[in-house]
Amino acid sequence: MKIAFAGLGVMGAPMARHLVEAGHEVAGYNRSPPKAQTWAQATGGRFATTVVEAAQGADLFILCVGNDDDVRAVVAEALPALGPGAVVVDHTTTSAKAAREMADLARSQDKFFIDAPVSGGQAGAENGQLSVMAGGDAEALARAEPAIKAYSKAIQHMGPAGAGQLTKMVNQIAIAGVVQGLAEAVHFAQTAGLDTDKAYDAVSKGAAQSWQMDNRWKTAARGEFDFGFAVDWMRKDLGLVLDEARSNGARLALTALVDQFYAEVQAMGGNRWDTSSLKARLPGPDRA
């Protein structure tokens with residue numbers, strides 16, 4: 001397929017690389033041109049200087065940018081350059097409202113918009129093992145799936161426009177609670193004078209087991225928080241979650257509390273620490 005990819009950051013760059021390696025013709029655009037140039041030189045993809053240049057003649061336009069406003073700006077630029085029936089796939093985590101707006105805008109120009117946030121973090125993008133949760137037209141998604149499979153291990157169609165973003169909110173709610181539980185468990189083990197490695201071995205094979213435990217217990221116990229998805233990004237996502245909950249009536253007491261804990265981590269200077277840095281708020285060898 002002839003593909004345009006906008007947003008070549010820590011997630012987008014490896015995703016676009018997988019597309020090139022899968023044999024697709026990929027034009028890469030980034031708001032900071034040097035990133036796109038570096039990506040093109042490293043992968044053999046084509047460097048595009050503008051959104052319109054990247055989108056011209058593309059069958060599929062994929063983006064992975066920052067927030068609602070970034071998506072609105074990029075999609076508005078790209079749509080007129082795309083041919084009738086072209087599909088836009090947005091991997092940015094945004095509000096469901098923005099996803100529905102973009103789907104309506106694309107439809108008004110005889111094109112399709114799929115909201116398709118991902119889970120799996122930077123490691124998932126690098127290894128081509130992302131999980132994709134998608135909302136929008138099922139037939140349009142089916143046309144995009146052969147390309148999306150280049151960097152994903154699972155693609156789930158969740159329903160109409162916005163359903164992908166709502167599902168990503170479910171993902172972030174679940175992660176927030178699990179990471180807070182992990183932080184408190186490590187803190188308790190340390191405070192109780194246990195060997196944290198042995199405590200992990202004792203509890204990680206039973207009902208307490210989780211991806212977070214397997215991948216972040218030992219690093220959190222050592223006060224190391226440089227392993228991917230940043231606190232600033234998590235707070236952006238939880239803000240979307242809490243906004244949606246205010247409108248749909250969902251009661252998310254734990255999520256709201258964890259959001260405030262992340263605000264404390266930001267106040268400590270941990271904006272770019274990974275999400276397991278909730279442990280940094282609590283006493284232990286890493287924090288007196």
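For the structure, check the block above.
Let's talk about the overall build of the chain
Move 1: A count of helical and extended segments in the chain gives 12 helices and 9 strands.
Move 2: For the chain, the C-alpha radius of gyration of 20 Å lies close to 19 Å, the compact-globule estimate for 288 residues.
Move 3: The C-alpha extent of the chain, read off along each of the three principal axes, is 65 × 45 × 35 Å.
Move 4: Counting across all 288 residues of the chain, residues that qualify as buried make up 50%.

What about the pairing of strand β8 (residues 130-135)?
Move 1: In terms of residue burial, β8 counts as a mostly covered element, since 5 of its 6 residues are buried.
Move 2: Looking at chain direction, strand β7 (residues 118-119) and β8 are connected through 2 bridges and run antiparallel. Paired with S119 across the two strands is S131, which belongs to β8.
Move 3: In terms of strand pairing, β8 meets strand β9 (residues 152-159) through 6 bridges, oriented parallel. The partner of M133 across the bridge, within β9, is Q156.
Move 4: On the question of chirality, the crossover connecting β8 to the parallel β9 by way of helix α7 (residues 138-148) is right-handed.

Some details on helix α4 (residues 68-78)
Move 1: Taken together, the buried positions of α4 are D68, D70, V71, V74, V75 and A78. Along the long axis of α4, the arc covered by the buried residues comes to 155 degrees, so they all point the same way.
Move 2: Measuring from the side-chain oxygen of the N-cap residue of α4 to the backbone nitrogen of D69 gives 3.1 Å; that N-cap residue is N67.

Looking at the pattern of salt bridges
Move 1: Applying the stated rule across the entire model yields 12 salt bridges.
Move 2: Among the salt bridges present, the one from E21 reaches R17, with a minimum N-O distance of 3.4 Å. Placement of both E21 and R17 in helix α1 (residues 12-21) is noted, with a separation of 4 residues, approximately one turn of the helix.
Move 3: When its relative accessible area of 55% is taken as the criterion, E21 is described as exposed.
Move 4: Here R17 falls in the partly exposed class, since its relative accessible area comes to 22%.
Move 5: Across the pair R281 and E264 runs a salt bridge whose closest N-O atoms are separated by 2.9 Å. Taken together, the residues R281 in the segment after α12 (253-267) and E264 in helix α12 connect sequence positions 17 residues apart.
Move 6: A relative accessible area of 17% means that R281 is categorised as buried.
Move 7: A single network of salt bridges, built from pairs that share partners, joins R17, E21 and E126.

Regarding unusual backbone geometry
Move 1: Residues other than glycine seldom take positive phi values, yet D110 does so here, at roughly 60 degrees.
Move 2: The exposure class assigned to D110 is exposed, which follows from its relative accessible area of 55%.

Considerations on the environment of A138
Move 1: Relative to the helices and strands, A138 resides in helix α7.
Move 2: Of the residues examined, A138 reaches a relative accessible area of 43% and is grouped as partly exposed.
Move 3: Separated by 21 residues in the primary sequence, A138 and G159 have C-alpha atoms spaced 8.0 Å apart.

Some thoughts on the environment of T93
Move 1: Mapped onto the fold, T93 is located in the loop between β5 (87-90) and α5 (96-108).
Move 2: The exposure class assigned to T93 is buried, which follows from its relative accessible area of 11%.
Move 3: The sequence separation of T93 and S204 amounts to 111 residues, and the corresponding C-alpha distance is 30 Å.
Move 4: Apart from residues lying up to four places away in sequence, T93 is in contact with G66, P117, Q165, K168, K236, D237 and L240.

Observations regarding the packing of helix α9 (residues 196-203) against helix α10 (residues 211-221)
Move 1: The geometry of α9 relative to α10 is characterised by a closest axis approach of 10 Å and an angle of 165 degrees between their N-to-C directions. Taken as axis vectors, α9 and α10 run roughly antiparallel relative to one another. Considering the relative orientation of α9 and α10, their crossing is right-handed. Contact residues: T196, D197, A199, Y200 and V203 in α9; M213, D214, W217, K218 and A221 in α10.
Move 2: Taken together, the residues of the contact of α9 with α10 sort by class into 6 nonpolar, 1 polar and 3 charged.

Let's talk about the packing of aromatic side chains
Move 1: Using the criterion set out here, one finds 3 aromatic pairs in the structure.
Move 2: For the pair Y200 and W217, a centre-to-centre distance of 6.4 Å together with 45 degrees between the ring planes defines the contact as tilted. Remark: W217 occurs in helix α10 and Y200 occurs in helix α9; sequence separation between them is 17 residues. Each member of the pair, Y200 as well as W217, is classed as buried.
Move 3: When the centroid spacing of 5.8 Å and the interplanar angle of 35 degrees are considered together, the rings of F225 and W273 count as tilted. Linking F225 in the loop between α10 and α11 (231-248) with W273 in the segment after α12, this pair joins segments that are 48 residues apart in sequence.
Move 4: W273 gets classed as partly exposed once you look at its relative accessible area, which sits at 28%.

Conventions adopted
- Residues numbered from 1 in each chain as written.
- Predicted model: local features only at pLDDT ≥ 70, side-chain atom pairs only at ≥ 80, totals over all residues.
- Heavy atoms only, no water.
- Helix = DSSP H or I, 4+ residues; strand = E, 2+ residues; numbered from the N terminus.
- Rg over C-alpha atoms; globule rule 2.2 N^0.38 Å.
- Buried < 20%, exposed > 50% of the residue type's maximum accessible area, 1.4 Å probe, protein only.
- Pairing = 2+ DSSP bridges.
- Right-handed = clockwise from strand over helix to strand, strands pointing away.
- Arc of directions from axis to C-beta.
- Polar contact = N/O pair within 3.5 Å; in protein donor to acceptor, adjacent residues only side chain to side chain.
- Salt bridge = Lys/Arg side-chain N within 4 Å of Asp/Glu carboxyl O.
- Contact = heavy atoms within 4.5 Å.
- Axes fitted to C-alpha atoms, helices over the stretch in contact; angles between N-to-C directions.
- Parallel < 35°, antiparallel > 145°, perpendicular 65-115°, else oblique.
- Left-handed = near helix turned anticlockwise from the far one by under 90°.
- Nonpolar A, V, L, I, M, F, W, Y, C, P; charged D, E, K, R; others polar.
- Phe/Tyr/Trp six-rings, centres within 6.5 Å; stacked < 30°, edge-to-face > 60°.

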